[in-house]
Amino acid sequence: MKTKKANKLKILNDPIYGFIQIPNSLIFDIIEHPYFQRLRRITQMGFSNLVYPGANHTRFHHAIGCMHLMQKAVRVLRFKQVAISEDEENALYIAILLHDIGHGAFSHALENSIVDNISHERISLKFMQILNEEFEGKLGLAIEIFEGNYPRNFLCQLISSQLDIDRLDYLKRDSFYTGVTEGNISFDRLIAMMNVNNDQLVIEQKGIYSVEKFLIARRLMYWQVYLHKTGLVAEHILVNILKRAKELSEKGVDLYASSSLSYFLLNQINADNFSNDTLETFSKLDDFDVLSAIKEWTNHSDSVLALLSKMLVNRKLLKIEIQEDAFKTQKIEKLKHKFSRKLNISEQDIHYFVFSESIKNQAYQTNKPIYILNKKGKLKDIAKASDQLNLQALTQPVVKHIICYPK
């Protein structure tokens, strides 16, 4: 009896783009791989759902959406007589599909707590290298483009630049799921206006207003969503919970945790010792491990860990103040002393509850410009080509300072 061949040319239904087609069996097999399926269990926006209840979409949604937009971009560029081979096309799909595969539980929180000095981009590359071995070298070109080493620069820019496919999807998707309409960009128009000039990814003159709207939308989404004060507090509390758990684990205190989370709590993991075995354990760690542990830690005998965990689980967060100038050391120390007595927390541990940080928002960086292609074939930086006065202001980094303390 013949075994029925699996249909690998599936169609997915996305709430934003409608039907998304998986282009070939290799892409299907990569999506089916446990490393990629893990992204279903990693939220795209961490604890932003404490502010925007609809923001429960995952890295899986985002990666699939990016692949769809990349298919549109390839079609547009080919229509404009830009030569893209079948191998390059496939490599673009793989590179954009896997660009975020290295994100840890709750996205950026792990990078700042239980692993040291290794970014999610480095981990993504490690995943891609392992997958390349499993798929007999078929990801080699995708890795080259992902690393920015491929000689055709515009292909690398589609993966990583100031107007890349990643940004087009996450702005549109995060705007949709949060309900923040300021981030609703014209992704179709932006892709339709893409072209290539002197190996640079450029936007044709007719698309200049869509680029302006994209940059302004990005700025607004950062202040209104990604750097929303409640979201910031929740992420800082999560980081402090994991730091405290790691500190206790290293002292031999017994903590409830899954085997994968325990591994990272008990070991000092950094860029130098992030081995293939570590990667395999990392691939089994997701939001569910972290959240189930935190729920259990609300009853832990360590008062610092228990109180922080209760704050997050019950959404009884720290108070936050934001201002342009750095907070004075005198104010921070005064607050530490006050809440050390009030909460009966030692001076040594009060930094988990009272702390100050700076946040930065720069919507546009002039060192990696978005080029506008005018009708005479000349390239001009969007900041100079635009007649919007506030676009020039977006090139300046805006730094604000926050202080968090108990209510």
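Rules behind the numbers
- Position labels on residues start from 1 in each chain and follow its written sequence.
- Since the coordinates come from a predicted model, pLDDT governs what is reported: local features require at least 70, and pairs of side-chain atoms require 80 or more to be given and counted, while whole-chain, interface and lining totals use all residues.
- The basis for every side-chain value is the complete set of non-hydrogen atoms in the structure, without hydrogens or water.
- By definition, two strands form a pair when at least two bridges between them are found by DSSP.
- The helix count covers DSSP runs of H or I at least four residues long, the strand count covers runs of E at least two residues long, and both are numbered beginning at the N terminus.
- For helices, the fitted line uses only the C-alpha atoms of the stretch in contact; every axis is such a line through C-alpha atoms, and the angle between N-to-C directions lies from 0 to 180 degrees.
- Two residues qualify as a contact provided that any one of their heavy atoms is within 4.5 Å of a heavy atom in the partner residue.
- Here the aromatic set is Phe, Tyr and Trp, taking the six-membered ring for Trp, and pairing holds for ring centres within 6.5 Å; pairs whose planes are under 30 degrees apart are stacked, those over 60 apart are edge-to-face, and all others are tilted.
- Remark: a charge is flagged as sitting over a ring if the NZ atom of Lys or the CZ atom of Arg is within 6 Å of the ring centre and within 35 degrees of the ring normal.
- The salt bridge definition used is simple: a Lys or Arg side-chain nitrogen within 4 Å of an Asp or Glu carboxyl oxygen.
- Per-residue accessibility, obtained with a 1.4 Å probe over protein chains only, is compared with the maximum for each type, and a residue is labelled buried under 20%, exposed over 50%, and partly exposed between these values.
- The definition of a nonpolar core used throughout is a set of buried Ala, Val, Leu, Ile, Met, Phe, Trp, Tyr and Cys residues joined through side-chain atoms within 4.5 Å.
- N or O atoms closer than or at 3.5 Å make up a polar contact, with two conditions inside protein: a donor-capable atom paired with an acceptor-capable one, and, for residues adjacent in sequence, both atoms drawn from side chains.

A. Layout of the sheet that holds strand β11 (residues 398–405). Spatially, the three strands line up as an open sheet ordered β7-β11-β8, and their pairing is antiparallel. The open sheet has two free edges, formed respectively by β7 (319–323) and β8 (355–361), since each of these has just one partner strand. If you compare each strand with its neighbour and ignore which way they point, the axes differ by 25 degrees on average. Across five bridges, β7 lies against β11 in antiparallel orientation. Residue pairing in the sheet places Ile 320 in a bridge with Cys 404 of β11. On top of the sheet, helix α10 (residues 208–226) reaches β8 and β11; it is set at about 165 degrees to β8, its chief contact.

B. How the structure looks around the packing of aromatic side chains. Under the counting rule described, the total for this entry stands at 12 aromatic pairs. Each member of the aromatic cluster is reached from another via a ring pair, and the members are Tyr 35, Phe 127, Tyr 263, Phe 264, Phe 274 and Phe 282. The lysine or arginine in question, Arg 40, covers the ring of Phe 60, its NZ or CZ lying 3.9 Å from the ring centre. For Lys 400, the ring lying beneath its charged end belongs to Trp 223, and the centroid distance is 4.4 Å.

C. Local environment of the pattern of salt bridges. Under the definition given, this model contains 16 salt bridges. With its nearest N and O atoms 3.1 Å apart, the salt bridge here joins Glu 204 to Lys 80. One end of the pair, Glu 204, is in strand β5 (residues 200–204); the other, Lys 80, is in the loop between α3 (59–79) and α4 (86–97), and 124 residues separate them in sequence. A residue is classified by how much of its surface remains accessible, and Glu 204, at 15% relative accessible area, is buried. For Lys 80, a relative accessible area of 23% corresponds to the partly exposed category. Residues Asp 302 and Arg 244 are paired through a salt bridge, measuring 2.8 Å at the closest nitrogen-oxygen approach. You can see Asp 302 sitting in the loop between α14 (287–297) and α15 (303–313) and its partner Arg 244 sitting in helix α11 (residues 229–250), a full 58 residues away along the chain. Comparing Asp 302 with Arg 244 shows no difference in burial state: the two are buried. When salt bridges that share partners are traced, they join Arg 244, Glu 247, Lys 251, Asp 302 and Asp 349 into one network.

D. Expanded view of the nonpolar core. Grouped together as the largest cluster of nonpolar side chains are 143 residues, with contacts concentrated most on Phe 36, Leu 158, Ile 165, Leu 168, Met 194, Trp 297 and Phe 353. The element that contributes the greatest number of residues to this core is α3, accounting for 11 residues. Ignoring sequence-local partners within four residues, the contact set of Leu 168 consists of Leu 69, Leu 163, Ile 185, Leu 190, Ile 191, Met 194 and Phe 214.

E. Highlighting the side chain of Gln 362. With respect to the helices and strands, the residue Gln 362 is situated in the loop between β8 and β9 (371–373). From its side chain, Gln 362 meets the backbone oxygen of Thr 395 in a polar contact 2.8 Å long. If we skip the residues at most four places from it in the chain, Gln 362 touches Arg 218, Leu 394, Thr 395, Gln 396 and Pro 397.

F. Structural detail: the sheet that holds β9. Pairing within the open sheet is mixed, and its four strands lie in the order β4-β5-β9-β10. Pairing within the sheet leaves two strands with one partner each, and these edge strands are β4 (194–197) and β10 (379–381). Within this sheet the neighbouring strands show an average axis-to-axis angle of 50 degrees, counted without direction. Across three bridges, β5 lies against β9 in parallel orientation. Of the residues in β9, the one forming a bridge with Glu 204 is Leu 373.

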